[in-house]
Amino acid sequence: MAETGGFNMTDNYYMEGPIKTVTVSEDEANICREGTVTWEKGPVNIFIRNVSPCLIDQSLWAEVQCKDIETHLEIGSVRAVRNIIKEETLQEKKILENLETLSKELFSLKHKKERLDLYRYTVEKAFAPTIEEILEKILLDGSMPESYTPQIDMILEEIYRYYLENFAITEEQKLCYRKLKKYENEMAFNPSLLHKQGGILISMEANKEGVGLLRCGYKLPCTQWRPQHEAHMTDEEKILFITHGVVWQNTGEDWNDVELILSTARPSLGLNIVNPGTDELHLRKKTPYERKKIEVMVRDYTVSKTSISMSSEPPVPSDGGETQFYRVPEKVKIPSGRKPHIIEVNKIEFTGKKEIIAVPELDNKLYLRSLVKNTGTVPVLAGPISLHREKAFVGKGDLNFTPSGADFYLWWGSEDLVRLERYAEIKDEQATLLQKRKVHYNVNLYIINLTGQTVSFKIQERIPVSELEQIYISVAELPEGAEKPDKNGFIFIDVTMAPDEEKKLSLSYIVELDKEVVYRPHDVHMGKVVTC
């Protein structure tokens, strides 16, 4: 007779029920087990062994598909059973043996130190009369007779021996405590000697004996996945794009030869609707001074990098609001533990439009990038990416969510042999009785091509865009090859340079302001600025 969590397993059926399918979401996994089971007529109890003890009881479900259509099965209950199992691994046994040896050594050192302290006390008590006699002679005669010299040497020798042995014992104790701390840390990172083992107990009622397919499932915490990507530039336009799923699971059960599905669902968020709070708006009339003056505030985005960004952790899978499911083509094996497992999810070849571009307002380097269209049937999830160009690793970064059919950029590093410097000059002409205030901006770009070959690239510049009638912005000079500013103020300049060629490009624009406008020229991001 075997006892399982207080349940008598006599006249019941054991079933291995291997894991068939695993669906991993942001922070949990849905497990589906399948197995063939036979039963007799009447009450039937089926016990599935080797199940994770941390399963969520409320998520348990079971169903049976009978091969005989005349067989009727009614499932009464499905519940989890957990046992306490004592099991020692070889590594744990070795650690315990070391701890026992270390404890004995510390106990021996403690007794040795106690005996040494007792010896010191005995020596001090034995030599106390001699020391008092010597002190009295010194006080009376003003000096110590030579007859006491052998006794003093003996006392000093015993004191020296005591401190030497005491120091050696103290160092041995420190070493033992360091080893003890090491073994305690190793035990903390190993499974407990007492751990739980789980199972599932399914109670049914059958009208006749038979055989069928039993399916059951449950949810498990302690698991998650995150996407990561690889991009390989195979030639001038072709890009091999590979998406991997990085899966962690520490559920206590191994997933061997399972069908894996990765989902972007986030069940931890729940379905609760948040009631928006009430915002109070307080209005007041402008003062006469405020009605006369217009203070200009430069509205801009701070851009701290010109290539793909870097982050310390991969982001939560972003799906654009629509849950995505990725079925891994082949069966996988993911054992339980703290180690991440990288699994290939998708591989596709994209076509990218390659170009070299510089944004000197932010960075003086030129960068190679590709404009890629997602021609796949599934979106590209947000996540870290590693870039490879000509079979060499270029760098790492992050990608944003990109739906199917949308464009995104891949950055392939800098072109360091094209040097660029940017200088900006500001000349402020104050208003007069007959003339508005004018602020002149002159941007000069100095470029040299050291690549030894002809290079074509684009430069992105910009001018401010005004939303006020009292502020008028006009372009005074555009460099050769420049397009007119778009509605956002961006100017793209096409540049072609021969080997060792040097070039200077100039851009000028004027900001005209009415008298009531308060404007600070340095609010505009100008890079290196010279004020006139």
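What you are looking at is a predicted structure, and each value in this text was computed from that prediction instead of being measured.

Of the regular secondary structure elements, the protein holds 3 helices and 29 strands. Out of the 532 residues in the protein, the part that is buried amounts to 36%. Restricting the contact set of the protein to residue pairs at least 6 apart, pairs at least 24 apart contribute 77%. Total accessible area computed for the protein in this model is approximately 33,000 Å², and 52% of it derives from carbon and sulfur atoms.

Glancing now at unusual backbone geometry. The phi angle at Lys391 is positive, at roughly 65°, despite the residue not being glycine. Structurally, the position occupied by Lys391 is in the loop between strand S19 (383-389) and strand S20 (392-399). Given a relative accessible area of 89%, Lys391 falls into the exposed group. Here the phi dihedral of Asp500 falls at roughly 65°; this positive angle occurs in a residue that is not glycine. Turning to its location among the elements, Asp500 is positioned in the loop between strand S26 (490-497) and strand S27 (502-513). Take Asp500: its relative accessible area is 57%, and that puts it in the exposed class.

All right, on to the side chain of Thr402 then. Within the secondary structure, Thr402 sits in the loop between S20 and strand S21 (407-415). Taking relative accessible area as the criterion, Thr402 reaches 5% and is therefore assigned buried. Aside from chain neighbours lying at most four places away, what touches Thr402 is Asn374, Pro379, Val380, Asp407 and Phe408.

Our focus in this paragraph is the state of the cysteines. Applying the stated criterion across every chain yields a total of 0 disulfides. As a non-bridged cysteine, Cys54 has Cys222 as the owner of its nearest cysteine sulfur, 4.6 Å distant. Cys54 sits in the partly exposed class, given a relative accessible area of 27%.

A few words now on the packing of aromatic side chains. Under the counting rule described, the total for this entry stands at 8 aromatic pairs. Measuring from centroid to centroid gives 6.2 Å for Tyr367 and Trp411, while their planes differ by 80°, and the two rings are edge-to-face. Highlighted residues: Tyr367 in strand S18 (residues 366-373) and Trp411 in strand S21, separated in sequence by 44 residues. Considered together, Tyr367 and Trp411 belong to a single accessibility category, that of buried residues. By the ring-pair criterion, three or more aromatic residues cluster together here, those being Phe241, Phe350 and Phe408. Over the face of the ring belonging to Tyr409 we find Arg369, whose NZ or CZ atom lies 4.0 Å from the ring centre. Directly above the aromatic system of Phe492 lies the positively charged group of Lys458, at a separation of 5.9 Å from the ring centroid.

According to the stated counting rule, one finds 16 salt bridges in the structure shown. Arg422 is the partner of Glu461 in a salt bridge, and the nearest nitrogen-oxygen pair spans 2.8 Å. Placement of the pair is Glu461 in strand S24 (residues 455-462) and Arg422 in strand S22 (residues 418-429), with a sequence separation of 39 residues. When its relative accessible area of 2% is taken as the criterion, Glu461 is described as buried. Residue Arg422 is classed as buried on the basis of its relative accessible area of 5%.

About the criteria used
Throughout this description, residue numbers start from 1 for each chain and increase along the sequence as written. Side-chain atom pairs in this predicted model are given and counted only at pLDDT of 80 or more, local residue features only at pLDDT of at least 70, and totals for whole chains, interfaces and linings cover all residues. For side-chain calculations, the full set of non-hydrogen atoms in the structure is used, while hydrogens and water are omitted. Runs of H or I in DSSP of at least four residues are treated as helices and runs of E of at least two as strands, each being numbered from the N terminus. The cut-offs for exposure are 20% and 50% of the maximum accessible area for each residue type, with area from a 1.4 Å probe on protein chains only; residues under the lower value are buried, those over the upper are exposed, and the others partly exposed. In this analysis, two residues are considered to be in contact whenever any of their non-hydrogen atoms come within 4.5 Å of each other. To measure how exposed things are, a 1.4 Å probe is used in the Shrake-Rupley method; for residues, cover is taken only from the protein chains shown. Here, the term disulfide refers to a pair of cysteine sulfur atoms separated by no more than 2.5 Å. Aromatic pairs are defined between Phe, Tyr and Trp rings, using the six-membered ring for Trp, whenever the two ring centres lie within 6.5 Å; interplanar angles under 30 degrees are classed as stacked, those over 60 as edge-to-face, and all others as tilted. Any Lys NZ or Arg CZ that is within 6 Å of a ring centre and within 35 degrees of that ring's normal is treated as a charge sitting over the ring. Salt bridge, as used here, is a side-chain nitrogen of Lys or Arg placed within 4 Å of a carboxyl oxygen of Asp or Glu.

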